[in-house]
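These are the residues of each chain, in order.
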Protein chains: 2
Amino acid sequence: MEKQASEVAPKQSNRCNCMNLRRASRAITQFYDDTLKPSGLTVTQLSLLRHLGMLKTATISELAKMVQIDRTTLNRNMKPLIREGFIDIRRGRDSRTRQIALTAQGKNAAIRGWKLWEVAQKTIKEYMGNNDLVKLTQLLLKVENIAHYNGKN
Amino acid sequence: MEKQASEVAPKQSNRCNCMNLRRASRAITQFYDDTLKPSGLTVTQLSLLRHLGMLKTATISELAKMVQIDRTTLNRNMKPLIREGFIDIRRGRDSRTRQIALTAQGKNAAIRGWKLWEVAQKTIKEYMGNNDLVKLTQLLLKVENIAHYNGKN
DNA sequence: ACAAATTGCGTGTATATACACCATCTTTTA
DNA sequence: TAAAAGATGGTGTATATACACGCAATTTGT
């Protein structure tokens, strides 16, 4: 095991697993958003555009399920993308539903964002090292599934 | 060719390191907040109260540095705690500063929250396993420091 | 066919997050 | 000592997050 040292952070604040994850989440979000800044997209927005690009078209609930985010959160997250004309929403056949799709502008924005995103991804890989990054990804996936654990609800 | 829908979605959505972290962060936050619900505190709020309890008193910037959160975010996060009478803010000697301190009610709330927090911590440890949890904590600490990496800015 | 259950969605409300900008107060410097 | 520089904090604005609630449309059960 490497030294890893105490760094700047006080020992007492590293005990809560949840806050540990949230601090890391804030840090990496700032890093990605900063890298993506020239594209005018946040990492959340780019993620949405890319998922939409894969699905071609989707209802709100379908997209929410795909990106694993709360449906009402997604609803709000789409607002800036609608305003910028990156996505288009229309009524579905089942008129309870909405069909969401990328516009041409949205596709272009996604491509611009993607190129910057690749830089961020590469930097992270370089910084973390491949082994640690793989391990981290694995562990995060497990954390995601905590809700299904047999100790809860 | 069949569709293999279950293959396309997860693979594609698990590629962004940032979104991976954010999904995990959302999941564990919901888990902690749910566990803490009877105390009336969110995990963020409990964290603030506990750090304040350690510091006895602090200025806003000091507390922000300790919990490693943006100063202006902290400012807003304190609002519910002030409203509930859990913390008390007054002008410092240097009248640019504010001195924050726990109230008696705040101490009680922190104690109530703590007990539930311990349950959440224990559950996570059980669920993740000790080795993986230690490894995760280590990796998250490294992620936190990405901003200092020599490939940025 | 009609009532009941279910599904899909939006909004009200509240917290969490942080950047840009500004006001104020203190310390340093010319 | 007056001006400049620095420190401290608040607010405007915007995004991200999700729970509770309710409305409208569809599907199901009798």
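Residues numbered from 1 in each chain as written. Chains lettered and ligands numbered in written order. Predicted model: local features only at pLDDT ≥ 70, side-chain atom pairs only at ≥ 80, totals over all residues. Heavy atoms only, no water.

**Here's the deal with the overall build of chain A**
Tallying secondary structure elements over chain A gives six helices and three strands in all. Secondary structure elements of chain A, listed N to C terminal, follow the sequence α-α-β-α-α-β-β-α-α. When burial is assessed residue by residue, chain A has 44% of its 153 residues classed as buried. In chain A, of all internal contacts separated by at least 6 residues, the share reaching a separation of at least 24 is 51%. Element-wise, carbon and sulfur atoms account for 50% of the exposed surface of chain A, whose accessible area totals about 8900 Å². (Helix = DSSP H or I, 4+ residues; strand = E, 2+ residues; numbered from the N terminus. Buried < 20%, exposed > 50% of the residue type's maximum accessible area, 1.4 Å probe, protein only. Contact = heavy atoms within 4.5 Å. Areas by Shrake-Rupley, 256 points an atom, 1.4 Å probe, with all protein chains shown as cover.)

**Quick notes on the sheet that holds strand β1 (residues 57-58) of chain B**
Residues and elements named next belong to chain B. Taken together, the three strands give an open sheet; going across it, the order is β1-β3-β2, and neighbouring strands pair in antiparallel fashion. Only two strands of the sheet have a single neighbouring strand rather than two, namely β1 and β2 (87-91). The sheet contact formed by β1 and strand β3 (residues 98-102) spans two bridges and is antiparallel. Bridge pairing in β3 links A58 to I100. (Pairing = 2+ DSSP bridges.)

**Thoughts on unusual backbone geometry**
Look at K56 of chain A: it is not a glycine, yet its phi comes out positive at around 70°. Tracing the chain through its elements places K56 of chain A in the loop between α2 (43-55) and β1 (57-58). Although it is not a glycine, Q68 of chain B adopts a positive phi angle of roughly 55°. Locating Q68 of chain B in the fold gives a position in the loop between α4 (60-67) and α5 (71-83).

**Section: the protein's contact with DNA strand C**
Around DNA strand C sit 27 residues, and of these Q30, S61 and R96 of chain A together with T42 and R83 of chain B come closest. Within 4 Å of the protein, atoms of DNA strand C come from sugar and phosphate in 65% of cases. Separating a base oxygen of DNA strand C from a side-chain N or O atom of R96 of chain A is a distance of 2.9 Å. Mapped onto the surface near DNA strand C, the elements with two or more residues apiece are α1 (17-36), α3 (60-67) and α4 (71-83) of chain A together with α3 (43-55) and α5 of chain B. At six residues, the largest contribution of residues to the surface near DNA strand C is made by α5 of chain B. When grouped by side-chain class, the residues that make up the surface near DNA strand C number three nonpolar, 13 polar and eleven charged. (Near = heavy atom within 4 Å. Polar contact = N/O pair within 3.5 Å; in protein donor to acceptor, adjacent residues only side chain to side chain. Nonpolar A, V, L, I, M, F, W, Y, C, P; charged D, E, K, R; others polar.)

**Regarding the pattern of salt bridges**
Here the structure, examined in full by the defined rule, presents eleven salt bridges over all chains. With a shortest N-O distance of 2.6 Å, D94 of chain B and R96 of chain B are connected by a salt bridge. (Salt bridge = Lys/Arg side-chain N within 4 Å of Asp/Glu carboxyl O.)

**A closer look at the packing of aromatic side chains**
According to the stated counting rule, one finds six aromatic pairs over all chains in the structure shown. Centre to centre, the rings of Y127 of chain A and Y149 of chain B are 4.9 Å apart; their planes meet at 55°, and the pair counts as tilted. A residue pair is termed interchain when its members come from two chains, as with Y127 of chain A in helix α5 (residues 104-128) and Y149 of chain B in the segment after α7 (130-144). For the cation-ring pair, R50 of chain B lies above W117 of chain B, with the distance from its terminal atom to the ring centre recorded as 4.1 Å. If you follow K142 of chain B out to its NZ or CZ, it ends over the ring of Y127 of chain A, 5.6 Å from the centre. (Phe/Tyr/Trp six-rings, centres within 6.5 Å; stacked < 30°, edge-to-face > 60°. Lys NZ or Arg CZ within 6 Å of the ring centre and 35° of its normal.)

**Side note on the state of the cysteines**
Within this structure, the stated rule accounts for zero disulfides over all chains. C18 of chain B provides the cysteine sulfur closest to C16 of chain B, a residue in no disulfide bond, and the two sulfurs are 5.2 Å apart. (Disulfide = S-S within 2.5 Å.)

**A few points about the relation of the copies chain A and chain B**
In the superposition of chain A on chain B (RMSD 0.0 Å, axial shift 0.0 Å), the rotation amounts to 180°. Here the two chains are linked by the operation of a two-fold rotation axis. With an isologous cut-off of 70% or more, the 93% of interface residues of chain A that recur at the interface of chain B puts this contact in the isologous class. (Least-squares fit on C-alpha atoms with pLDDT ≥ 70 in both.)

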